[in-house]
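# Remarks on the overall topology
So you can see what is in the structure, the chains are spelled out below.
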Amino acid sequence: SIDIGALRSVGPIAFAIAVSGTMLPIALGSVYMSACGYGVMAGVAAGTSLSSTSIGMATKVLQTLGELSSPLGNLVCVAAMVDDVLSLVILAVVSNLDGDGAG
């Protein structure tokens, strides 16, 4: 069962972790792709594709260790979910912007 109160208690911290876990790969991907001679959009797309997490693997490992319902397990799961959603939204925006520029 899911304890919504426990998930809410880690929400702000999980959100901060997820945002940094999304933005850091985007920034590094942009720097790397720019250094290789590609444009900013290519760098953002590369970084975004590297920023998504594997929520399935994380939950299975936490479940195996018996830590899924612990405060750390809640933090990891919420951060991974938010990170994945942010990554998908950013990737959708980038692909839409890139499609508009190419056409």
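Residues numbered from 1 in each chain as written. Predicted model: local features only at pLDDT ≥ 70, side-chain atom pairs only at ≥ 80, totals over all residues. Heavy atoms only, no water.

## Section: the overall build of the protein chain
The condition is simple: Counting from the N terminus, the helices are the DSSP runs of H or I reaching at least four residues and the strands are the DSSP runs of E reaching at least two. Exposed residues in this analysis have more than 50% of their type's maximum accessible area, buried residues have under 20%, and partly exposed residues fall in between, with area computed by a 1.4 Å probe over protein chains only. Contacts are assigned to residue pairs with any non-hydrogen atoms lying within 4.5 Å of each other. The protein chains shown are the only cover counted for residues, whose accessible areas, like all others here, come from Shrake-Rupley with a 1.4 Å probe.
A count of helices and strands for the protein chain gives five helices and zero strands. Traced from its N-terminal end to its C-terminal end, the protein chain shows the element sequence α-α-α-α-α. Along the longest, intermediate and shortest principal axes, the C-alpha atoms of the protein chain span 50 × 25 × 20 Å. Classification of the 103 residues of the protein chain by burial places 29% in the buried group. Long-range pairs, those at least 24 residues apart, make up 68% of the contacts in the protein chain between residues at least 6 apart in sequence. Element-wise, carbon and sulfur atoms account for 72% of the exposed surface of the protein chain, whose accessible area totals about 6400 Å².

## Details of the environment of Ala92
Tracing the sequence through the fold places Ala92 in helix H5 (residues 71–102). Sequence separation between Ala92 and Thr48 is 44 residues; the distance between their C-alpha atoms is 10.0 Å.

## A look at the nonpolar core
As a reminder of what qualifies: Joining through side-chain atoms within 4.5 Å is the link that ties buried Ala, Val, Leu, Ile, Met, Phe, Trp, Tyr and Cys residues into a set, and such a set is a nonpolar core.
Listed in full, the five residues of the largest apolar core are Val10, Ala14, Leu75, Val78 and Ala79. No other element matches H5, which puts three residues into this core. Apart from residues no more than four positions distant in its own chain, Leu75 is found in contact with Val10, Ile13, Ala14 and Ile17.

## Let's talk about helix H2 (residues 11–35)
Rules: By this rule the span expected of a helix is its residue count minus one, scaled by 1.5 Å.
Here H2 spans 36 Å end to end across 25 residues, near enough to the 36 Å set by a 1.5 Å rise per residue. When we look at burial in H2, the residues that qualify are Ala14, Ala18, Thr22, Pro25, Ile26, Gly29, Ser30 and Met33. In the segment just after H2, Gly37 is the residue with positive phi, at about 95 degrees.

## A short note on the packing of H2 against helix H3 (residues 40–51)
Rule in force here: Comment: axis = line fitted to C-alpha atoms, over the contacting stretch for helices; angle = value between 0 and 180 degrees taken between N-to-C directions. Should an angle fall under 35 degrees it is called roughly parallel, over 145 degrees roughly antiparallel, and 65 to 115 degrees roughly perpendicular, with every other angle called oblique. Helix crossings get a hand from a simple test, with the near helix turned counterclockwise from the far one by less than a right angle marking a left-handed crossing and a clockwise turn marking a right-handed one.
Here H2 crosses H3 at 140 degrees, and the two axes come no closer than 7 Å. Between H2 and H3, the angle is such that the two are oblique. Where H2 crosses over H3, the handedness of that crossing is right-handed. Two secondary-structure elements touch here, H2 through Gly21, Thr22, Pro25, Ile26, Gly29, Ser30 and Met33 and H3 through Val40, Ala42, Gly43, Val44, Ala46, Gly47, Thr48, Leu50 and Ser51.

## Some remarks on the confidence of the model for the protein chain
Using the following cut-off: Within a predicted model, pLDDT stands for the predictor's per-residue confidence, ranging from 0 to 100.
Here the protein chain averages 85 in pLDDT, and 91% of its residues register 70 or above. Averaged over each element, pLDDT in the protein chain is lowest for helix H1 (residues 4–9) (76) and highest for H2 (91).

## Notes on the side chain of Ser30
As a reminder of what qualifies: Counting of polar contacts relies on pairs of N or O atoms within 3.5 Å, with two restrictions inside protein: one atom must be capable of donating a hydrogen and the other of accepting it, and residues adjacent in sequence are counted only when both atoms are side-chain atoms.
Turning to its location among the elements, Ser30 is positioned in helix H2. At a separation of 2.9 Å, a polar atom in the side chain of Ser30 contacts the main-chain carbonyl oxygen of Ile26. Leaving out residues up to four positions away in the same chain, Ser30 has contacts with Val40, Gly43 and Val44.

## Brief notes about the environment of Ala45
Tracing the backbone through its elements, the reader meets Ala45 in helix H3. Separated by twelve residues in sequence, Ala45 and Met33 place their C-alpha atoms 9.8 Å apart.

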